[in-house]
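Remarks on the overall topology
Take a look at the letters that make up each chain.
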Amino acid sequence: PDDLRMLIDRAHTLGISVVLDLVYNHYDGWKKAPLYCFDGDCPDGTSGPYFFTDPKYRSTPWGPRPDFTRPEVADFIVDNVLAWRREYRIDGFRWDSVSNIRAIDGNGSVPGGIALLRRANAQTRTIPGALLIAEDLKGYGAITDASESGGMGFDTQWDGGFHWAVTSAVSGYDDNARNVFAVRDALYGRYNGDPFQRVIYTESHDTVGNTGTRLPSQIDPTDPGSFAARKRSMLAAGILLTAPGVPMLFQGQEFLSVGRFADPPAPVDWARLTAHARVLDFYRDLIALRQNRGGATAGLQGSNVDVFHVNDAAKVIAYRRWAGADSDVIVLANFMNKAYTRYDIGLPAGGTWRVRMNSD
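Residues numbered from 1 in each chain as written. Predicted model: local features only at pLDDT ≥ 70, side-chain atom pairs only at ≥ 80, totals over all residues. Heavy atoms only, no water.

**Comments concerning the packing of helix α1 (residues 2-13) against helix α3 (residues 71-88)**
The criterion, for reference: Helix axes are fitted only over the stretch in contact, all axes being lines through C-alpha atoms; the angle between N-to-C directions runs from 0 to 180 degrees. Comment: elements are numbered from the N terminus, with helices defined as DSSP H or I runs of at least four residues and strands as E runs of at least two. Here is the rule for angles: anything less than 35 degrees is roughly parallel, anything more than 145 is roughly antiparallel, 65 through 115 is roughly perpendicular, and the remaining ranges are oblique. Contacts are assigned to residue pairs that have any heavy atoms within 4.5 Å of one another. All residues other than Ala, Val, Leu, Ile, Met, Phe, Trp, Tyr, Cys, Pro, Asp, Glu, Lys and Arg, Gly among them, are scored as polar; the first ten of these are nonpolar and the last four charged.
Running from amino to carboxyl end, α1 crosses α3 at an angle of 65°, the nearest separation of the two axes being 10 Å. The angle between α1 and α3 places the two elements in the roughly perpendicular class. Contacts between α1 and α3 involve L4, R5 and I8 from the former and W84, E87 and Y88 from the latter. Classifying every residue of the contact of α1 with α3 by side-chain character gives 4 nonpolar, no polar and 2 charged.

What follows is the structure, given as C-alpha cells:
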C-alpha cells in the first residue's frame, strides 16, 4: 500500500494524473474470490451474503454479481471508492462494464445498480477534482447525464463506435471497402450534445485482448511494421487526436507495439521505440498540436466540428475544428492507397492557411 501511495505521489510531481480501473460489476472467479461464500454458508448453489441470490442477477460471464440492493454491500462499494480517493489520492476512476451494473449487458435493469452508480459518483464528487469514466459501450446517453436530469453522473464514457468506424477505414486491403461516411459520423459523435462526454480510441485492452490484436497487425498481419501498417495506423491516430472527444492511447501504440493483451500482460517491447522513432515523433507532434503548444491550433481543443468535404470515390474527407474566433484548424485525410498529385478542395475562409503537419 505504501509503495502504491509513493508511486501516485511521484506521478503527481511529474504532472501525471492516475486513474484507477474499478471492477464492481462482478467479483472475479467463481469460488475463488475472497468474498465468495464469505460466511461459509452457501446452500443451494448460492454465493453468500455479498451476492444476489436470484440466479438471473447473480451470474455474469466473469463471476458473481454483488447484491447492490443490500445496504451493507452498497456501503462497502462506496466506502471502497472513497478510500481510493482519500487515502491514495487517486485522480479518477474508470468503472468497468457499467452495462452489467445498471443492467444485464445493457438489457433490462439490475436492482440497485443505477442507485449505486449515482450514489458512488455523488460521494466521489464530495472531494473535488476526480474524473469519472464509464465503460458501458451501449451508446446510452444517460450514463454521462447529470443525476438531477435522470442520469448517472459520469463525466465521460467509452465510445466503441468511434473505434469501429476509424479502424475499419484503415484496416483491410480493399480501398473500395473503406467507409469514409462512417468516419464522418464518428467525428460528429457526442452524448447529451457534448463530444467530451465520450472517450475515443483506436486501441484498448478490449480490442487488443479477447479475440483482437494490435491495429498494425490488423492492417498487415504478416509485417506489422510495414509501410502500410505504419501509414494507416498513423492515419487513424491523426483522426483520433484531431477529433472532438477525450483521446485515449493504448500502451506502446505510439511506437507500433504488437502482440495481444493477455493475462498477465506481457511487458512493452521498448526496442520498438528505437525501430519506430519517426512514428513516435509523429505522435508527439500530434499531441503538441492537440494541446496548442505552438499557439496556432486552439481549434483542436474546442467542441466544434464541421465535416465539409466527403469524397467516397476518392476516399478523402476534410473537416474544420474551431473553438472561437480566429481558431480554425482544417484536417485533410486521404484513406486511399494512392498519393494525389493534385486534389482541389475549398476552405472555409479566404486568406493564408499554413500547413502545421504533413504526415508524409
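**Observations regarding the packing of aromatic side chains**
Put simply, the test is: Stacked, tilted and edge-to-face are the three classes assigned to paired rings of Phe, Tyr and Trp, where Trp is represented by its six-membered ring and a pair needs centres within 6.5 Å; plane angles under 30 degrees give stacked, over 60 edge-to-face, the rest tilted. Criterion for a charge above a ring: Lys NZ or Arg CZ within 6 Å of the ring centre, and within 35 degrees of the ring normal.
All chains considered together, the criterion is met by 13 aromatic pairs. An aromatic cluster is defined as three or more aromatic residues linked by ring pairs; in this entry it consists of Y24, W95 and F154. Cation over ring: R94 sits above W158, and NZ or CZ is 4.5 Å from the ring centre. The ring of W322 carries the charged tip of R320 above its face, separated from the ring centre by 3.8 Å.

**Some words on the side chain of T202**
Cut-off, in case you're wondering: Remark: exposure states derive from per-residue accessible area (1.4 Å probe, protein chains only) relative to the maximum for the residue type, with buried under 20%, exposed over 50%, and partly exposed in between. In protein, a polar contact means a hydrogen-donor-capable atom and an acceptor-capable atom, both N or O and within 3.5 Å, with residues adjacent in sequence counting only if both atoms are side-chain atoms; elsewhere, any N or O pair within 3.5 Å suffices.
In this structure, T202 sits in the loop between β5 (198-201) and α7 (205-208). A relative accessible area of 2% places T202 in the buried class. In this structure the side chain of T202 is engaged in a polar contact, spanning 3.1 Å, whose partner is the side chain of Q253.

**Overview of unusual backbone geometry**
Glycine aside, negative phi is the norm for most residues, and most peptide bonds take the trans geometry. A positive phi angle, near 55°, is found at D105, a position not held by glycine. Mapped onto the secondary structure, D105 falls in the loop between β2 (92-95) and α4 (113-124). You can call D105 partly exposed: its relative accessible area is 41%.

**Notes on the sheet that holds strand β3 (residues 131-134)**
Applicable threshold: Any two strands with at least two DSSP bridges between them are considered paired.
If you trace the 6 strands from one edge of the open sheet to the other, you get β1-β2-β3-β4-β5-β6, paired in parallel fashion. Edge positions in the sheet fall to β1 (19-22) and β6 (246-248), since each has one partner strand and no second. Across this sheet, the average inter-strand angle for adjacent strands is 30°, counted without regard to direction. Two elements, β1 and β2, share 4 bridges in a ladder whose sense is parallel. By the bridge assignment, L20 is partnered in β2 with F93. Its contacts with the sheet put α4 on β2 and β3, and the angle it makes with β2 is roughly 165°.

**Observations concerning the state of the cysteines**
Rule in force here: Disulfide: a pair of cysteine sulfur atoms within 2.5 Å of each other.
Scanning the model with the defined rule gives 1 disulfide in all. Paired through a disulfide, C37 and C42 show a sulfur-sulfur distance of 1.9 Å. As the torsion about the S-S bond is roughly -130°, the C37-C42 disulfide counts as left-handed.

**A short note on helix α9 (residues 227-242)**
For the record, the criterion: What a helix should span is 1.5 Å times the count of its residues minus one.
Along its 16 residues, α9 runs 22 Å from first to last C-alpha, staying within 8% of the 22 Å computed at 1.5 Å per residue. Here α9 lies mainly inside the structure; 12 of its 16 residues are buried. Of the residues making up α9, those classed as buried are A229, R232, S233, M234, L235, A236, A237, G238, I239, L240, L241 and T242.

**Regarding the pattern of salt bridges**
Test applied: Salt bridge, as applied in this entry: a Lys or Arg side-chain nitrogen positioned within 4 Å of an Asp or Glu carboxyl oxygen.
Taken as a whole and assessed by the stated rule, the structure comprises 20 salt bridges. For the salt bridge of R102 with D136, the shortest nitrogen-to-oxygen distance reads 2.9 Å. Placement of the pair is R102 in the loop between β2 and α4 and D136 in the loop between β3 and β4 (156-158), with a sequence separation of 34 residues. Neither R102 nor D136 differs from the other in exposure class; each is buried. Linking D281 and R284 is a salt bridge whose minimum nitrogen-to-oxygen distance equals 3.9 Å.

**A look at the sheet that holds strand β7 (residues 304-311)**
Read across the open sheet, the 3 strands follow the order β7-β8-β9; overall the sheet is antiparallel. Single-partner strands in this sheet number two, and they are β7 and β9 (329-334). Between one strand axis and the next, the sheet turns by 15° as a mean value, whatever way the strands run. For β7 and strand β8 (residues 316-322), the ladder comprises 7 bridges, and the chain directions are antiparallel. Across the sheet, D306 pairs through a bridge with R320, a residue of β8. Packing of helix α6 (residues 180-187) onto the sheet brings it into contact with β7 and β8, and relative to β7 it is tilted by some 170°.

Keep in mind these numbers describe shape, not what the thing actually does.
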